[in-house]
Amino acid sequence: MMWSVRSSLRPPTWARFFGGALLLILSSAAAAFAQGTGTVTGTVSDAASGTPLYGVSVFIAGTTVGTTTGGDGSYRLVVPAGRYELRTRLVGFELQRDSLEIAAGQSVLRNFALRRAAIGLSEIVVLGTRRAEERTVLESPVPVDVLSVEDLRSTGRVETNQMIQLLAPSFNFPRASIADGTDHVRPSTLRGLNPDQVLVLINGKRRHTSALVNVNGTIGRGSTGVDLNAIPAAAIDRIEILRDGAAAQYGSDAIAGVLNVVLKSTAESEISSTLGQARTDDGTLRRTDGMVRQVDLNYGLLRSAAGHLNLSAEFRDREQTNRSLPDTRQQYFAGDLRNDDPALTNLINHRQGDGDARDIGAFVNFGRRLSSTTEVYSFSGVTFRRGEAAGFFRRALDDRTVRSIHPDGFLPLINTHIWDGSVAAGVRGAHAGWTWDASTVYGRNTFDFTIKNSNNVSMGTSSPTTFYAGELRFDQVTANLDVARPFEMGLPSTVNLALGAEVRRDGYGITRGDEDSYRDGGVAILDGPSAGNRAAVGAQVFPGFKPTDEQDADRTNVAAYVDLETNLSRQVLVALAGRTEHYSDFGSTTNGKLAIRVEPVERFAIRGAYSTGFRAPSLGQSYFSSTATNFIVVGGVNTPFDIRTFPVVSEEAQILGAQELRPETSRNASFGVAWQPIRRLSLTADFYRIEIDDRIVLSGNFIGDDIQALLESRGFAGVRGGRFFTNAIDTRTDGVDLIVQSALAVGSMGESRFTAGYNHNKSRVTRIATTPPQLGDRQEVLFDRVERARIEEGQPRDNLHLNLVHSFDAFGVNLATARYGAVTVRGTATDGTADQTYGRRWITDFGVSYRLRERFTVSAGADNIFDEYPERNIAPISNAGIFPYNGISPFGFNGRFIYVRGRIGLP
């Protein structure tokens, strides 16, 4: 159900908000209680070798009572008197349970021998349920993938996004290039939907998004997503991916699914270093570049029964790659002798590939027990990225070049400083049968632009070459209270009731750049055939944000949910969830979910779910504003137009017929099976359909004399065109995910683990909104064939991933191959002359490792070992033959990447 009634409530002040969050935590902590206790002790070992296991979680199911094992595998728990189920958890090993009844003052011994989890269905998951009882992937009523730290390491990749892409076939991470800010924070997608249609959590708490709005021609155009590469891989214990609609459980954005990053808490202390380089040999294109130097650290400062304090840090220096070809175009005006100078012609003057980037980041994960039933916890992280990427080269004969400053043309560079930080704190515990968790999270992302090696043509010879272009910023603060308790309802199993409330404030801002970055200096083009004509305004490649672009917007929302889950019989599990939210800017929404799992025979389950969902418009989509001079061919002449991206709430946008954005609404249905016929073999197959109404897109450019006259008649002179965000389309996505996992022990030759994953995904636009009458007959501009192809054909329809990991004594071998399906780009011409389909490709990675001593491991390998590339661009989209590849490629176009890595365990 949806209401569009606007709220009259004003957002709370920062003091009131943080004060309320603090009061919530303190009052919840005060609820902790004491009672008679007993002691449980024991050891945990590896069932195969008998070796004591360090860092194993030993806990009482349904409570916060727990601890971790020490270096000798021993543990000690102080628990309230009563009857319990004692459980163990360690990534890579199977869950074990043991019943326990203890009286006040009693001591009980419980030892565990853990078997290694041969396959992923034995992994423990917490995502998708609020039931206190931990369950495996096989027991979940909806599909969940678990990517362990060993899985992430085996990929040989250095970026978090790339690791996930190699392991999860429904996850796509194309390598955008020459796309302004998107070069620095590349968007990723899940199940063929937009980056902002997947919810990202850290330790189960909502993660803030990037401040960047992707407005260029890339996958995810018009969206704002989470920068997953701002989470150091060294900090990650595991990643859980819920492949099902979950807005009724977790709130906005969870249409495609939920990705939960679980931070390390008791992992081994270690330091590792990676050195790698790209090597390209594609016919006439031979390059060695893209050197990567990376150092990762994970260190446990505190590991005891009382708590943990874990520090993880990452430094990465990634040099640029360049796959552009020589520019064979004429560089100077006709008659200039420099056109015949071999030293000035046929040069590589563009950059197409990865930008230069330096990342440094750290995360801290902390937990401390206040009593046998209460724990305080916190996690925080900060990442800084300094990047440099290029735009299009401006030739000396280009009207956008001040020739006295750049006599041979210039390549403008976009330099960014990106800060990303967050801090979370909370208290959780148990009281009178209830478990409770009160927390608050604050996150902030800032995105600064500095343009170098450029000019402002309208300033003539007085133009500087470096411009500060302004800043984007986004911040978010969230407070949550969650409580849960099992109730006896006369059913074969208890009914788990979970209730919760959330208050969130989002803030978004734009800060203007230096005046020279955006101002019209009043100087006409100085020379050449266009001398005397109006000059392009602002810094070339990225004009700075103007004073009229500045924003300082915020909104609040409050939410409440209820979640019920029970087993109607040993074979049938049913889960219900409902959530209602009220936003201060667009009103209220209520959503629900039903999930059922039936296990007619042991280890074979049928599962399905149906849910409604929503995604609130991001503040960036509502308030992003910029003005740029676009050169558009009109009557065969390359004509400059001042094109403005209007915030939908602005008067200009309203004149053009824009309406305030509404939330996207969805319906998500899934059906599948999970089968584990034997301990070392499993199969899951899940079919899904996702229908989304009122999807938000960025319109095309509305230009023309009538548009200019319309704006001028309302007092907006000088603006010759505009675009805005709009709820323009409905879509339907159908797909299937297949996962096969197996493990084979080959006697004295070690053990092999094999995973095969397949995703088929097909999206269709089912409705396009009518163009506002103010804009006349411009349907193709509101949502054109270029954008339609990006949604329907821009991501692989089929992905197949095969991964083999073999271990033998001190040796390890990793072999992975993936077939990425075809993708298509389309131009604005309806005759298809600028359309191209890039066929499927197999990409193979290979790596080996050897443990020299107990604490030292060295590995080496190659990603894309056979040096595969996407098909080369056809002439109409190759920028005069300069760009051989397209950034839509799901596996990039850098070619082979060779690396070596060393890892040392720390005491």
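Residues numbered from 1 in each chain as written. Predicted model: local features only at pLDDT ≥ 70, side-chain atom pairs only at ≥ 80, totals over all residues. Heavy atoms only, no water.

A word on unusual backbone geometry
In terms of backbone geometry, most residues other than glycine have negative phi values and most peptide bonds are trans. Phi at Asn346 takes a positive value of approximately 55 degrees, unusual for a residue other than glycine. Its place among the elements puts Asn346 in the loop between strand E21 (307–318) and strand E22 (356–369). According to the relative accessible area criterion, Asn346 is partly exposed, its value standing at 47%. If you check the backbone angles, Asp867 has positive phi at about 55 degrees while not being a glycine. Mapping Asp867 onto the fold places it in the loop between strand E44 (856–863) and strand E45 (896–905). (Helix = DSSP H or I, 4+ residues; strand = E, 2+ residues; numbered from the N terminus. Buried < 20%, exposed > 50% of the residue type's maximum accessible area, 1.4 Å probe, protein only.)

Here we look at a nonpolar patch on the surface
Taken together, the side chains of Leu499, Val562, Leu564, Leu576, Leu594 and Ile596 define a hydrophobic patch exposed on the protein surface, amounting to about 420 Å² of accessible area. Of all elements in the fold, only strand E28 (551–567) and strand E30 (587–601) reach the threshold of two or more residues within the nonpolar patch. Mapped onto the elements of the fold, Val562 is located in strand E28. For Val562, a relative accessible area of 35% corresponds to the partly exposed category. (Patch = residues over 30% accessible without salt bridge, like charges linked within 9 Å, V, L, I, M, F, W, Y side chains within 5 Å. Areas by Shrake-Rupley, 256 points an atom, 1.4 Å probe, with all protein chains shown as cover. Salt bridge = Lys/Arg side-chain N within 4 Å of Asp/Glu carboxyl O.)

Re the side chain of Gln476
The residue Gln476 is located in strand E26 (residues 467–487) in this model. Gln476 sits in the buried class, given a relative accessible area of 8%. A polar atom in the side chain of Gln476 sits 3.0 Å from the side chain of Asp506. Beyond its immediate chain neighbours, meaning those up to four positions away, Gln476 contacts Arg206, Arg207, His208, Val441, Tyr442, Gly443, Arg504, Arg505 and Asp506. (Polar contact = N/O pair within 3.5 Å; in protein donor to acceptor, adjacent residues only side chain to side chain. Contact = heavy atoms within 4.5 Å.)

Describing the sheet that holds strand E6 (residues 82–89)
Within the open sheet, the 4 strands sit side by side as E4-E3-E6-E7. Their pairing is antiparallel. What marks the edges here is a single partner per strand, and that holds for strand E4 (66–68) and strand E7 (96–102). For this sheet, the mean angle separating the axes of adjacent strands, direction not counted, is 20 degrees. Both strand E3 (residues 57–60) and E4 contribute to a ladder of 3 bridges, which runs antiparallel. Its bridge partner lying in E4, Val58 is registered against Thr67. (Pairing = 2+ DSSP bridges. Axes fitted to C-alpha atoms, helices over the stretch in contact; angles between N-to-C directions.)

A word on the environment of Leu499
Within the secondary structure, Leu499 sits in strand E27 (residues 495–511). Residue Leu499 is classed as partly exposed on the basis of its relative accessible area of 33%. Leu499 sits 312 residues away from Pro187 along the chain, and the two C-alpha atoms are 33 Å apart.

Side note on the packing of aromatic side chains
Inspection of every chain in the model, using the stated rule, returns 16 aromatic pairs. Between Phe702 and Phe724, the ring centres sit 5.9 Å apart and the planes meet at 15 degrees, which makes this aromatic pair stacked. Of this pair, Phe702 sits in strand E36 (residues 702–703) while Phe724 sits in strand E37 (residues 721–745), and the two are 22 residues apart along the sequence. Taken as a pair, Phe702 and Phe724 share a single burial class, namely buried. Here the aromatic rings of Tyr885 and Phe893 are separated by 5.6 Å at their centres, their planes lie at 25 degrees, and the arrangement is stacked. Through a chain of ring-to-ring contacts, the aromatic side chains of Phe447, Phe449, Phe542, Phe545 and Phe624 assemble into a single cluster. When the ring centre of Tyr688 is taken as origin, the NZ or CZ atom of Arg191, which lies over that ring, is 4.4 Å away. One Lys or Arg, Arg428, reaches over the ring of Tyr377 and ends 4.1 Å from the middle of that ring. (Phe/Tyr/Trp six-rings, centres within 6.5 Å; stacked < 30°, edge-to-face > 60°. Lys NZ or Arg CZ within 6 Å of the ring centre and 35° of its normal.)

Details of the confidence of the model for the chain
Residues of the chain with pLDDT of at least 70 account for 92%, and the chain-wide mean is 88. Every residue in residues 1–15 is under pLDDT 50, and counting partners more than four places away or in other chains gives 27 contacts. Throughout residues 21–35 the model reports pLDDT below 50, and contacts reaching past four residues in sequence, or to other chains, amount to 24 contacts. (pLDDT = per-residue confidence, 0-100.)

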